[in-house]
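Residue strings, one per chain:
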Amino acid sequence: MSIKIKTTRAQIKENVETRHNELIESIIETDDELLNKYLEGEKISDTLLNDVLKNAVISGKVIPAFAVSSGKNIGIDILMDYINTLLPSPLDIKPLKPIDLKNNSEVDIKPSPEGPVLAYVFKTMADPYIGKLSIFRIFSGTIKLNESYYISSSEKTYKFTNLFKLQGKNQIDISEASCGDIVAVSKIMEIMNDDTISAQDHPLKLPAGEYFSPTLLKSLIPKSKGDEEKISNGLSKLMQEDPTLKQELNIEVHQNIIQGMGELHLSTAVEKLKDKFDVDVELFTPDVAYKETIRKEAKAEYKYKKQSGGRGQYGHVFIELKPLPSGSGFEFKDSIFGGAIPKGYIPGVEKGIREALLAGVLADYPVVDVSVNLYDGSYHTVDSSEMAFKIAASMAFKKGMMEASPVILEPIMELEILVPEKYMGDIIGDINSKRGKIISMTPTDNKKQLIKATVPQSESFNYTIDLTSLTQGRGRFTQKFSHYEELPPNLSQKIISERKKQKE
């Protein structure tokens, strides 16, 4: 049984008056003189209240919010009225402080159609019909067709042979644009996001915008073979449009990695690749860049001897393997004494070991943090060669590594997570479930906490999705590579088995 509670007209009126008073108080609080008058009981005129509200909006002390429906055309007229009365005109904003590139000093530029040209490129688009479209806001001065202007990133001047006013998908040709206008220019490939446009004789530069680092990584695989070049060209143009979209070719895992702010962001990029550049791709979780190393010292000997009628092959080495501290890489030593192996064959030994480092003995992952000392061996005056010693050294290394307690290493990422305090328990529990470790927790402004933690890379690929779910979209994080750690034995055995099946 459902119970319907009727709201009386008096209750609605009381609720509206309460909300209205709260709104009035939030406006009055932004002006000390007006606040004193209000507290003393003086009546505040609507004109004065509107002036204070406009100044508060211009200064950023108050951010107005409106509930409207464009589809049903509800509240649109009120919104447009308030845009006209509340929001600052181009001449109301504070003077900007770009860098004067001639003097390398900060200058004040007051918004004015007659002032020096100063415009900021906030978006670029790859238009299939007119080419690259660069959209910019003019803060000062007037930009005219067929005039040349200085572009900050390329440090060159370019002639603007076209100028557009944008209306939806349409580009309307114009001959000039002034302070406050948002317009576009096309086919100038050197203009980038965050560029400053200024006069040739008065070059200026505004500070670049700050963007969040991408947090969701996916490997990108074409559905059709031979589309790799089209993908590269398409992604290059999309990244010019969107500074938060990144791409890299990961040599360690041999995958094309695309990075974005979330699932929707990457799926939109995939749709654009298909619509604009006719490329179909699929997204997968990237492979983890595991590595292998050793945990104890070992010695190994290998004699490579081959006779097949003519000249044979002979190489004989004794090597000693030692583990190095994490991040040390590889070290090769030659302590041969008494000419057991001629100097001319030593480079072959090092080459053989370096080749063996490319694929370890457990799961064919690269080997790191190992020191190898060549301390003895023998040679044949006729049959020995650099190739023979290269093969002998490679086989000796694999043999020695098997006896040196080989282990698999996994990459560990360092996370910085900013979340409201009420989600702290959920975040800590989630980090622990991902085999992570909490490093520190620091309170910040606005009742938030900055959590620093380390998490295995294999558990962090989809952390953007997990964090959004845990915090209802109110959490943010950044991550970077920290170090390598030994993979737990149960997970290590699982990976070894999977790699073995792949080989078979």
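Conventions used here
- Residues numbered from 1 in each chain as written.
- Predicted model: local features only at pLDDT ≥ 70, side-chain atom pairs only at ≥ 80, totals over all residues.
- Heavy atoms only, no water.
- Helix = DSSP H or I, 4+ residues; strand = E, 2+ residues; numbered from the N terminus.
- Rg over C-alpha atoms; globule rule 2.2 N^0.38 Å.
- Buried < 20%, exposed > 50% of the residue type's maximum accessible area, 1.4 Å probe, protein only.
- Contact = heavy atoms within 4.5 Å.
- Areas by Shrake-Rupley, 256 points an atom, 1.4 Å probe, with all protein chains shown as cover.
- Lys, Arg positive; Asp, Glu negative; His and termini not counted.
- Charge placed at Lys NZ, Arg CZ, Asp CG, Glu CD.
- Expected span 1.5 Å × (residues − 1).
- Salt bridge = Lys/Arg side-chain N within 4 Å of Asp/Glu carboxyl O.
- Core = buried A, V, L, I, M, F, W, Y, C linked by side-chain atoms within 4.5 Å.
- Pairing = 2+ DSSP bridges.
- Axes fitted to C-alpha atoms, helices over the stretch in contact; angles between N-to-C directions.
- Phe/Tyr/Trp six-rings, centres within 6.5 Å; stacked < 30°, edge-to-face > 60°.
- Lys NZ or Arg CZ within 6 Å of the ring centre and 35° of its normal.
- Left-handed = near helix turned anticlockwise from the far one by under 90°.

Caption draft 1: Molecular detail of the overall build of the protein chain. Secondary structure assignment for the protein chain yields twelve helices and 26 strands. In terms of C-alpha radius of gyration, the protein chain reaches 33 Å, well past the compact-globule figure of 23 Å for 504 residues. When the backbone C-alpha atoms are referred to their principal axes, the protein chain occupies close to 105 × 70 × 45 Å. Here the protein chain holds 504 residues, and the buried ones make up 39% of them. Across the protein chain, contacts joining residues at least 24 apart in sequence account for 71% of those joining residues at least 6 apart. Put simply, the protein chain shows about 29,700 Å² of open surface, and 51% of that area lies on carbon and sulfur atoms. For the protein chain, the separation between the mean place of its 64 positive charges and that of its 71 negative charges on side chains is 5 Å.

Caption draft 2: Expanded view of helix 6 (residues 263–277). With 15 residues, helix 6 should reach 21 Å at 1.5 Å per residue; the first-to-last C-alpha distance of 21 Å fits that figure. Buried residues along helix 6 sit against strand 3 (118–127), strand 14 (216–222), helix 5 (228–241), strand 16 (255–260) and strand 17 (281–284). Asp 278 sits one or two positions beyond helix 6 and adopts a positive phi of about 55°.

Caption draft 3: A look at the pattern of salt bridges. Summed over the entire model, instances satisfying the criterion amount to 19 salt bridges. In this structure, the salt-bridge partner of Glu 486 is Arg 295, at a minimum N-O distance of 3.2 Å. Placement of Glu 486 in strand 26 (residues 476–486) and of Arg 295 in the loop between strand 18 (291–294) and strand 19 (298–306) is noted, with a sequence separation of 191 residues between them. Looking at Glu 486, the relative accessible area reads 37%, which means it is partly exposed. With a relative accessible area of 43%, Arg 295 lands in the partly exposed category. Each of Glu 241, Lys 272 and Lys 276 takes part in a single network of salt bridges with overlapping partners.

Caption draft 4: Main features of the nonpolar core. Counting residues in hydrophobic clusters, the biggest one holds 30 residues, and the most contacted among them are Leu 374 and Phe 397. The leading source of residues in this core is helix 8 (residues 386–402), at seven residues. Those residues within four positions of Phe 397 in sequence are excluded, and the remaining contacts are Ile 319, Leu 321, Ile 353, Ala 356, Leu 357, Val 367, Val 370 and Val 372. Membership of the second largest hydrophobic core comes to 18 residues, among which are Val 121, Val 183, Ile 188 and Ala 199.

Caption draft 5: Geometry of the pairing of strand 11 (residues 182–186). Of all the five residues making up strand 11, four are buried; the element is thus mostly covered by neighbouring parts of the structure. Relative to strand 11, strand 4 (residues 131–140) is paired through five bridges, and the arrangement is antiparallel. What sits directly across from Ser 134, in strand 11, is Val 185. Strand direction decides the pairing type here: strand 8 (residues 164–167) and strand 11, joined by two bridges, are antiparallel. In the sheet register, Lys 165 faces strand 11, and the bridge partner there is Val 183.

Caption draft 6: Representation of the environment of Gly 115 in the model. Relative to the assigned elements, Gly 115 resides in the loop between strand 2 (105–106) and strand 3. Residues Gly 115 and Gly 141, spaced 26 residues apart in sequence, show a C-alpha to C-alpha distance of 4.6 Å. Setting aside its immediate chain neighbours within four residues, Gly 115 contacts Ser 140 and Gly 141.

Caption draft 7: Just the sheet that holds strand 16, in detail. Taken together, four strands build an open sheet; the order of strands is 15-16-14-17 and the sheet is antiparallel. Because the sheet does not close on itself, it has two edges, and the strands there are strand 15 (246–250) and strand 17. On average, each strand axis in the sheet is inclined to that of its neighbour by 35°, with strand direction left out of account. Docked against the sheet, helix 5 engages strand 14, strand 15, strand 16 and strand 17, running at close to 145° with respect to strand 14.

Caption draft 8: Quick peek at the packing of aromatic side chains. Tallied over the full model, the rule gives eight aromatic pairs. With 6.1 Å between their ring centres and 55° between their planes, Phe 318 and Tyr 375 make a pair best called tilted. With Phe 318 in strand 20 (residues 313–323) and Tyr 375 in strand 22 (residues 370–378), the pair connects residues that are 57 residues apart, well separated along the chain. The residue whose ring lies beneath Lys 299 is Tyr 375, and the NZ or CZ to ring-centre distance is 5.2 Å. Lying across the ring of Tyr 365, Arg 499 places its NZ or CZ 4.1 Å from the centre.

Caption draft 9: Layout of the sheet that holds strand 1 (residues 99–100). Strands sit in the order 2-1-13 across an open sheet of three strands; the sheet is antiparallel. Of all the strands in the sheet, just strand 2 and strand 13 (204–205) have a single pairing partner and so form its edges. Where strand 1 meets strand 2, two bridges bridge the pair, whose relative direction is antiparallel. Within strand 2, the residue paired with Ile 99 across the bridge is Glu 106.

Caption draft 10: Structural detail: the packing of helix 5 against helix 6. At a minimum axis separation of 10 Å, helix 5 and helix 6 run at an interaxial angle of 115°. Every pair of crossing elements has a handedness; the one defined by helix 5 and helix 6 is right-handed. For the pair helix 5 and helix 6, the contacting residues are Lys 230, Ile 231, Gly 234, Leu 235, Lys 237, Leu 238 and Glu 241 in the first and Ala 269, Lys 272, Leu 273, Lys 276 and Phe 277 in the second.

Caption draft 11: Representation of the side chain of Ser 219. Tracing the backbone through its elements, the reader meets Ser 219 in strand 14. Excluding residues within four positions of it along the chain, Ser 219 makes contact with Gln 255, Asn 256, Ile 257, Glu 282, Leu 283, Phe 284, Thr 285 and Pro 286.

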